[in-house]
Amino acid sequence: MARPVLGPAAGARPAGSPRPAGGLLVVGDVVTDIVARHRKPLAPGTDTAAAIRAVPGGAGANVACWAAHWGCPDVRLLGRVGADSVAWHEAALTRAGVRSRLVVDPEEPTGTVICLVDGGAGAERTFLTDSGASLRLSPDDWAPELLDGVAWLHLSGYLFFAESSRAVAAAAMAEARARGVPVSVDPASVGFLRDLGVERFLAAVEGVSVLVPSRGEAELLAGVVGAASLADSAVALSRRFSLVVVTAGVEGAVVARGGAVVGRVPSVGVCARDTTGAGDAFTGAFVASRILGVGVVGAVGEGCRAGAVAVGRVGGRPPES
């Protein structure tokens, strides 16, 4: 199989021109989100009125787009899609400033997620997920050269929930460690974590530099239950990972390192329309800010700002300029 070659993004520099240091490579899922926003409770057996849109999504792709939107000058993405929508997804990523390598799966269509969004004040969502081609990323799709010029590697947690894509994540992490490139992971899904098993997931991500779980994911991974504070799971996980940033929506985020809390950042108040992709926005802005030299707590603040922008929009991507 031919080695992956990244295509140009919108506004790319001419060939041969100098490229600023500090590239980001995201390896993860690219899916089509069907977002259905309903204001009344779902009515089994009959119709429920909803505003429905099809938008490009996927945790990995969303993180890449938000990182580019937040100023990272060189963002790359490796993912796998079906032939049914590869051109649509490539075009959306290019418009967002992301250089994508989308491998076309010969058998499966692009993954699809139906996002049922409660139109109430919390704009909470429920996902129905068909991973399709996204978790069929193969070790044959990976090449060490994808890390050339990269200062940070981010892996979507969804990679760890299937054997083939988990092997890709392992290869990418090994190469990044050999090059001294920091690696971040977003655990992605409480439901999938339970299905895989906590210890199996923790073993697979051992050695990552930054873990960025939501509160629910952190509590599950840390084994913290009951009336625990937001900090408890962050502290517990920070004894296993170099840096842990736990996000909790309106409660903001907690940063822990070496078994101690080193920062707390409040959320940014906003009227929520759709919480889809809020965590991806946080992660993209946080990673972009770190690459650009912002300190950890300051970068977490940027993540909270991006999350606030995300929940005010429908879908998981930033606004197109």
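Attention in this report is confined to the structure presented alongside it. (Residues numbered from 1 in each chain as written. Predicted model: local features only at pLDDT ≥ 70, side-chain atom pairs only at ≥ 80, totals over all residues. Heavy atoms only, no water.)

## Here we look at unusual backbone geometry
Logical step 1: Backbone geometry at A188 places phi at a positive 85°, although glycine is not the residue there.
Logical step 2: One can find A188 in the loop between β9 (183-186) and α4 (190-196). (Helix = DSSP H or I, 4+ residues; strand = E, 2+ residues; numbered from the N terminus.)

## Considerations on the pairing of strand β8 (residues 150-156)
Logical step 1: Judged by how many residues are buried, β8 sits mostly within the fold: six of seven residues are covered.
Logical step 2: Strand direction decides the pairing type here: strand β1 (residues 23-27) and β8, joined by five bridges, are parallel. Across the sheet, G23 pairs through a bridge with V150, a residue of β8.
Logical step 3: Inspection of the sheet shows β8 paired to β9 by four bridges, in the parallel sense. (Buried < 20%, exposed > 50% of the residue type's maximum accessible area, 1.4 Å probe, protein only. Pairing = 2+ DSSP bridges.)

## Notes on the nonpolar core
Logical step 1: Ranked by internal contacts, the top residues of the largest apolar core, which has 47 residues, are V27, W142, L153, L155, F160 and F201.
Logical step 2: Looking at which element gives the most residues to this core, the answer is helix α3 (residues 163-179), with five residues.
Logical step 3: Once you skip the residues sitting within four places of it in the chain, L153 turns out to touch L25, V27, L147, A172, M173, A176, V181, P182, V183 and S184.
Logical step 4: Core analysis: the next-biggest nonpolar cluster, separate from the first, contains 40 residues, A67, V98, L243 and A285 among them. (Core = buried A, V, L, I, M, F, W, Y, C linked by side-chain atoms within 4.5 Å. Contact = heavy atoms within 4.5 Å.)

## A short note on the packing of helix α8 (residues 278-291) against helix α9 (residues 296-311)
Between two packed helices, the angle of one axis relative to the other and the distance separating the axes together describe the packing.
Logical step 1: Direction vectors running N to C along α8 and α9 enclose 145°, while the axes themselves pass 7 Å from each other. Of the two elements, α8 crosses α9, and the hand of that crossing is right-handed. Residues A278, A281, F282, A285, F286, S289 and R290 of α8 lie in contact with α9, whose contacting residues are V296, A299, V300, E302, G303, C304, A306, G307, A310 and V311.
Logical step 2: For the contact of α8 with α9, the class distribution of residues is 12 nonpolar, three polar and two charged. (Axes fitted to C-alpha atoms, helices over the stretch in contact; angles between N-to-C directions. Left-handed = near helix turned anticlockwise from the far one by under 90°. Nonpolar A, V, L, I, M, F, W, Y, C, P; charged D, E, K, R; others polar.)

Purely geometric numbers; function is a separate question.
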